[in-house]
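# Inside the fold
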Amino acid sequence: MNLSRHLRHFVVVAQEMHFGRAAEVLGMAQPPLSQSIRRLEGELGVELFDRSRRRIQLTAAGLHLLDEARELLAREERLRAVMRGVRDGDVGTLRMGVPPETPAVALQALLAGIAERVPGLRVELDELTSAEQVRRLASAGLDVGLVYHPADADGLRFGPVARTPLGVVLARASPLARRRVVALSDLDGHDLVSFPRAAAPAWHDHVLGTCRAHGYAPGRVRDAGNLEFLLGLVLAGQGVAFAPEAAARREPRVAWRPIEGEPLHHRISAAWPAAFPHPAAPRVAEPAAAALGADRPAESVAPTGNGPLPWSVVYTPPTLR
């Protein structure tokens, strides 16, 4: 028995107090409507209408049922609306990974942008490296991640990719700090301070491959798990590093110089599983991008993670992934 359908029929008859008019309102013939009410009465074991008079009236049971039926039908509609929202990604919870030490202002803008686009969605942020995010996405432990490219990621889809050029961070006492632009080949023989390879293996290998292709073979690669340690090692003369200009400004005693030809860039985007994605995942990719402040032409990425990019942002350096 479809209780909701029979209750709707009952409510309309109770409002019209006339089976013929109620049938017109419902867009059905009168005999099936009468059968529906009889079936409801049989299911509940009570008479809902007094039919002994010329004009039908609600019985005591019918009067009591009318309020209950209206409340039940309203709850059903609310439930359907909530489920539609979950299906469309308008409500529910989205588990999102972000790189460690993402600036507070970027996090605030990220959450505000998502709230504006999908106001009923609750976002839970988790601070994770790119490698950790890729693993969590693959195991359904995350719905969306902000991952650096290139990424060792099969079965993922990507949103707009942010592209920010990296420069070289030098001790101010270095003779190279006197130059306006530094070529990668100028760094040959210097140690390189970088993030641990385990944090993002594909990106780490890409950086070293680019260095070698441009004539720079680091004497030694020193690991730095966070920006402060990276800047401290550079300041102490323990090597050079690659970072966006905004990151290097945190330490006024180091120098940042652009790299000739801009061969190194940060590329980061929202990523989500291609199979059974959270319905809101594609909708938060653009707010995530905009929250970080597009400031120069960029590219867009294909589902495989390769291809031309549409905007760019300033992000934390690779050492923070």
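Because the structure is a prediction, the values reported are computed rather than measured. (Residues numbered from 1 in each chain as written. Predicted model: local features only at pLDDT ≥ 70, side-chain atom pairs only at ≥ 80, totals over all residues. Heavy atoms only, no water.)

### Things to note about the nonpolar core
One broad trend across soluble globular proteins is that nonpolar side chains are buried collectively. Val168, Leu170, Leu187, Tyr216, Val240 and Phe242 are the most contacted members of the largest nonpolar core, which has 22 residues in total. Listing elements by their share of this core, those giving two or more residues are β7 (167-171) and α7 (201-213). No other element matches the four residues that α7 contributes to this core. Core analysis: the next-biggest nonpolar cluster, separate from the first, contains 21 residues, Leu7, Ala22, Ile56 and Leu66 among them. (Core = buried A, V, L, I, M, F, W, Y, C linked by side-chain atoms within 4.5 Å. Buried < 20%, exposed > 50% of the residue type's maximum accessible area, 1.4 Å probe, protein only. Helix = DSSP H or I, 4+ residues; strand = E, 2+ residues; numbered from the N terminus.)

### What to know about a nonpolar patch on the surface
Judged by side-chain polarity, Met1, Leu3 and Leu72 come together as a nonpolar surface patch covering roughly 250 Å² of accessible area. For Met1, a relative accessible area of 41% gives the class partly exposed. (Patch = residues over 30% accessible without salt bridge, like charges linked within 9 Å, V, L, I, M, F, W, Y side chains within 5 Å. Areas by Shrake-Rupley, 256 points an atom, 1.4 Å probe, with all protein chains shown as cover. Salt bridge = Lys/Arg side-chain N within 4 Å of Asp/Glu carboxyl O.)

### Concerning helix α8 (residues 227-235)
Regarding α8, the residues found buried are Leu227, Leu230, Leu231, Leu233 and Val234. Angularly, the buried residues of α8 cover 160° about the axis, an arc narrow enough to put them on a single face. Those residues of α8 that are buried lie in contact with β7, β8 (192-194), β9 (221-223), β10 (241-243), α9 (245-248) and β11 (254-258). Phi turns positive one or two residues past the end of α8, at Gly237, with a value near 80°. (Arc of directions from axis to C-beta. Contact = heavy atoms within 4.5 Å.)

### Concerning the packing of aromatic side chains
Enumeration over the complete set of coordinates arrives at two aromatic pairs. Relative to Phe49, the ring of Phe19 lies with its centre 5.9 Å away and its plane at 65°, an arrangement referred to as edge-to-face. With Phe19 in helix α2 (residues 19-26) and Phe49 in strand β1 (residues 49-50), this pair connects stretches of sequence that are 30 residues apart. As far as the burial class goes, Phe19 and Phe49 line up, both buried. (Phe/Tyr/Trp six-rings, centres within 6.5 Å; stacked < 30°, edge-to-face > 60°.)

### As for the pattern of salt bridges
If the charged atoms of two oppositely charged side chains come close together, the side chains can form a pair. Tallying each qualifying case throughout the model produces 14 salt bridges. Salt-bridge contacts for Arg21 lead to Glu16; the nearest nitrogen and oxygen are separated by 3.7 Å. A relative accessible area of 25% means that Glu16 is categorised as partly exposed. Asp143 serves as the salt-bridge partner of Arg95, at 3.0 Å between the closest nitrogen and oxygen.

### Details of the sheet that holds strand β3 (residues 92-98)
Read across the open sheet, the five strands follow the order β4-β3-β5-β12-β6; overall the sheet is mixed. Two strands close off the open sheet at either side, each with one partner strand: β4 (121-127) and β6 (156-165). In this sheet, adjacent strand axes meet at a mean angle of 20° when their direction is disregarded. Bridge count for β6 against strand β12 (residues 265-273) is eight bridges, and the pairing is antiparallel. Of the residues in β12, the one forming a bridge with Pro165 is His265. (Pairing = 2+ DSSP bridges. Axes fitted to C-alpha atoms, helices over the stretch in contact; angles between N-to-C directions.)

### Details of the packing of helix α1 (residues 3-16) against helix α3 (residues 30-44)
At a minimum axis separation of 9 Å, α1 and α3 run at an interaxial angle of 115°. One element, α1, and the other, α3, form an angle in the roughly perpendicular class. Where α1 crosses over α3, the two elements pack in a sense that is left-handed. Seen from α1, the contacting residues are Leu3, His6, Leu7, His9, Phe10 and Val13; seen from α3, they are Leu33, Ser36, Ile37, Arg39 and Leu40. (Parallel < 35°, antiparallel > 145°, perpendicular 65-115°, else oblique. Left-handed = near helix turned anticlockwise from the far one by under 90°.)

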